[in-house]
Amino acid sequence: MNKYLLLFSLLLLITAATQAQYRNFSPFYQATATTNPALLRESWPARWIGHPTIDPTDYGIYHFRKSIDLPARPQSYVVHVSADNRYRLYVNGKEVAKGPARGDKAHWRYETIDLAPHLTAGKNILAAEVWNFAQHAPIAQVSNHTGFIMQGNTEAEKAVNTDNSWLVTQNEAYAPIPFGPIAFRGYYVTGPGEKVDATRYPWGWQQADYDDSQWQKAKSFGQGAPYGLSRDSQWGLVPRPIPMMEEQLVRIPKVARTSLGKIQEGFLAGKGDLTIPANSKGTILLDQTYLTNAYPHLLVSGGRGSEIKMTYQEALYDKDWKKGNRNEIEGKEIIGHYDIFQPDGGARRQFRPLWFRTYRYLQLDIDTKGEPLVIHDLYGTFTGYPFEEKGSFKSNDPVLSQIWNVGWRTARLCAIETYVDCPYWEQLQYIGDTRIQALISLYVSGDDRLARQALMHFDESRIPEGLTASRYPHALQQLIPPYSLFHIAMIHDYYQYRDDLPFVRSLYPGVQSVLSWFERHVGEKGMLHNLPWWNFVDHKPFHGKDNLPIGKDEYTSNITLQYAYALDYAAELADALGRPDDARQYRSQSVRLKKATYDLCWDESRGLLADAPDKQFFSKHANLFAILTNTVPTGRQPEIMQKVLSDKSLTPTTIYFDFYTNRALEKVGMANDYLNHLQPWRNMLDLGLTTFAEQEDPTRSDCHAWSASPNYDLLATVCGIKPGSPGFKTVRIEPALGSLQQASGKVPHPAGDILVSYTRQSNGRLKADITLPAGLTGTLVWRGEQIPLKGGKQTIEK
């Protein structure tokens, strides 16, 4: 008996130690200052709730209500809220929050909200709209099943805690309009359209005077539990680590065409009604004039039995499915994601989809029956991560200003609760895109929170073999082994730009696991061999193998050198974290990989590195990484770079991979050529794009994150502003102005703004005005000369 007691005591100690470890699981998930610490250490009194009779895994939209009485209006009333899939929270009829920010089941976000500004003495109504798109959900949406939870921060707020005192009803007005995954001739996975029958909608359900007597008591699914402390809860709750999304009104300025006669002046400005007669049918095509992410709001009266179809698209298509100039509409039509609203004849009925829509063009197809339909208003509410444009770039070339502005819009539309590759088609956070996006964020906004979250997301995505997912969060696993290597590069980027070793240290085990996976796939020839999963390198076919630059013998120089690239970065991280043995091991492995690749793949007759030992195919990609990793002799790198730029027989790079082309240009001393390689971006401007596309026309996506890279390079390459040491503790400024006569830039630094202004003088000398934050030092490099810099403003002529 004693031995069982001893064993039980030991298990209790292990459990306590494990829970203590989980309470400190990451320096990233830190609660707000107002959060009760007990909610991170213990299971919550509040319970996850849902509908008592409906399968919680089914598609459905639900409304929850709770009435609380307060003796006086409180100074503070903090609650923590989450739901699966998502929620909108109302207090006394006013919307106060949306969420949760996307995560996975083990790291399920909750929002912390102070309800006090919205409460009154006496009766208050808390109401939540919760939806589960089930099998129609976006691939980015992880889910267990429908659920809602609200937890009061302290005893003072415990009246809000979710349990069966909350009421619930299903909103039967909604039906899904499924699309994809191959819709509109492209990979489309952002969720369904919504069909709403207003005759079945419980109008006013969030208001205090609504009669909820027919609603049912909610069903409890179990207690809420913070990450690491749950035994049977299906959601590991963690604090939301990013701010709430920005929202602002966006008016649609232009009617592109209509079959319904003249549109009343002032309608689009919200200053007049538009009446559609009874028994009418027609269309109104609206042009936002630029791409946006927004919740459209449609406000109508009357029109019982009518139907309004709202279709959203980035661009219009001609009969051959070509987009052409985005400003031209003649002979083109809209084909895309749509919603349907069916009015019930009531007054001032509002339709707003549950999730935002991405559009430049929005078309209304209207079909009225026996009653006229009055449209009071139609507008959008822009939404996105609240980045502020603190960085800037200006020059004597006005087109570069256009590229900057369009690039920043691209970056903004590809940043919501996560980074996303494209807002219209996928809304997925891919490592390849995100590395570029994170750098743009740091340079233009200085806000690192979304980048930190992305690093954690990918770290949390690792499978038991050691690889990260290629995209995350996701409901459908995809593995691109090279992207796991770029996750290591992302960690190294963060290490360079932020003095935050505790966070870097928390990610280091993931670095080790990824590198260990690749080490196990080194073949007998000393190169990576026979790699499983999807070994994507670029958005371009490689010798007929669909993005796979792998030889007949299954060896690959491309990915082998990307592995060496990651090893070199990992060695620097290991040194910084006090792990010299790891650093030596990584450098040694890198040297072996480079030597084997050079010995087997170098073709002296062409002066280039082949994609594989059979030397049948050659790509720009392999040779770029041969330069970046010093696999080829330093003295030959400029010659190889020239061939990369001029040899048309090489598998070309795309806009995405040209980020690495630019890194190689810098490395071989050809950064001044950067501006000569912006023609694809100039072409997109000529085609009327207001964001930069996935690739040059023809293209699926008109807004793709990786194409915003000029917003990084104009500051980092042209203005030359980069960290001079890890943590951005010093700055190195080496401008590459090309043919520009004047350029200026501003980069937000943790210590303050870095400002540079360059002017080429008539005598051929450069005048540089440079301002560094107080306490920051650095170096200006110009034509091989190094000039020390100090905090404050300094003017240098060379």
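Keep in mind it's a predicted model, so treat the numbers as computed, not measured. Numbering of residues starts from 1 in each chain and follows the order in which that chain's sequence is written. Under the rules for a predicted model, residues below a pLDDT of 70 receive no local features and side-chain atom pairs below 80 are neither given nor counted, while totals for whole chains, interfaces and linings still include all residues. As a rule here, side-chain values come from all non-hydrogen atoms in the structure, and water together with hydrogens is ignored.

**Student:** So what's going on with the packing of aromatic side chains? Residues and values would help.
**Tutor:** The rule is short: rings of Phe, Tyr and Trp, with Trp giving its six-membered ring, pair when the centres are within 6.5 Å, and they are stacked under 30 degrees, edge-to-face over 60, tilted in between. If you walk through the whole model with that rule in mind, you get 46 aromatic pairs. Centroid distance Phe179 to Tyr188: 6.1 Å. Interplanar angle 90°. Geometry classified as edge-to-face. Using a 1.4 Å probe on the protein chains alone, a residue whose accessible area is under 20% of its type maximum counts as buried, one over 50% counts as exposed, and one in between counts as partly exposed. Since its relative accessible area comes to 18%, Phe179 is described here as buried. Aromatic side chains Tyr598 and Trp602 sit 5.4 Å apart centroid to centroid with 20° between the ring planes, which places their arrangement in the stacked category. Positioned above the aromatic ring of Tyr295, the side-chain terminus of Lys98 is 5.1 Å from the ring centre. A ring is considered to have a charge above it if a Lys NZ or an Arg CZ atom is located within 6 Å of its centre and within 35 degrees of its normal.

**Student:** Report on helix H6 (residues 481-497), specifying residues and quantitative values.
**Tutor:** Only DSSP runs of H or I reaching four residues or more are called helices, and only runs of E reaching two or more are called strands; each is numbered from the N terminus. Helices are assigned an expected span. That span is 1.5 Å times one less than the residue count. Its 17 residues give H6 an end-to-end C-alpha distance of 25 Å, which sits within 8% of 24 Å, the value for a rise of 1.5 Å per residue. Where burial is concerned, most of H6 is hidden: 17 out of the 17 residues are buried.

**Student:** Give a description of the sheet that holds strand S35 (residues 777-782) that names residues and reports values.
**Tutor:** Through backbone hydrogen bonds, the strands of a sheet pair up, either in parallel or in antiparallel fashion. An order of S30-S31-S35-S36 is seen for the four strands of this open sheet, with the pairing classed as mixed. Edge positions in the sheet fall to strand S30 (721-723) and strand S36 (785-789), since each has one partner strand and no second. With strand direction ignored, the average angle separating the axes of adjacent strands in the sheet is 25°. Strands are treated as partners if at least two bridges between them are detected by DSSP. Interaxial angle, 0 to 180 degrees, is taken between N-to-C directions of lines fitted to C-alpha atoms, where a helix line uses only the stretch in contact.

**Student:** So what's going on with the confidence of the model for the chain? Which residues, and what values?
**Tutor:** The score called pLDDT rates the predictor's confidence residue by residue, from a low of 0 to a high of 100. Across the chain, the average pLDDT comes to 94, with 95% of residues at or above 70. Whether two residues are in contact is decided by their heavy atoms, any of which lying within 4.5 Å being enough. Between residues 1-25, whose pLDDT stays under 50, and residues either more than four places distant or in other chains, the model counts nine contacts.

**Student:** Help me get a handle on the packing of helix H4 (residues 431-444) against H6, residues and values and all.
**Tutor:** Running from N to C, H4 and H6 point in directions that differ by 15°, and their axes come no closer than 9 Å. It follows that H4 is roughly parallel to H6 by the angle criterion. Judged by the sense of rotation from one axis to the other, the crossing of H4 with H6 is left-handed. On H6, the residues touching Ile431, Gly432, Asp433, Thr434, Arg435, Leu439, Leu442 and Tyr443 of H4 are Tyr483, Ser484, Phe486, His487, Ala489, Met490, Asp493 and Tyr497. Amino acids outside the nonpolar list (Ala, Val, Leu, Ile, Met, Phe, Trp, Tyr, Cys, Pro) and the charged list (Asp, Glu, Lys, Arg) are all regarded as polar, and Gly is one of them. Classifying every residue of the contact of H4 with H6 gives nine nonpolar, four polar and three charged. Orientation categories follow fixed angle ranges, with anything under 35 degrees roughly parallel, anything over 145 roughly antiparallel, 65 to 115 roughly perpendicular, and all other angles oblique. Crossings are classed by handedness, with left-handed meaning an anticlockwise turn of the near helix from the far one by less than a right angle and right-handed meaning a clockwise turn.

**Student:** Describe the pairing of strand S34 (residues 766-772), naming the residues involved and giving the relevant values.
**Tutor:** Among the seven residues in S34, five count as buried, and that is most of the element. Bridge analysis of strand S33 (residues 752-760) against S34 gives six bridges, and the strand direction is antiparallel. Paired with Leu755 across the strands is Thr771, a residue of S34. Taking the residues between adjacent antiparallel strands as the criterion, S33 and S34 are bridged by five residues, where Gly764 takes a positive phi near 85°.

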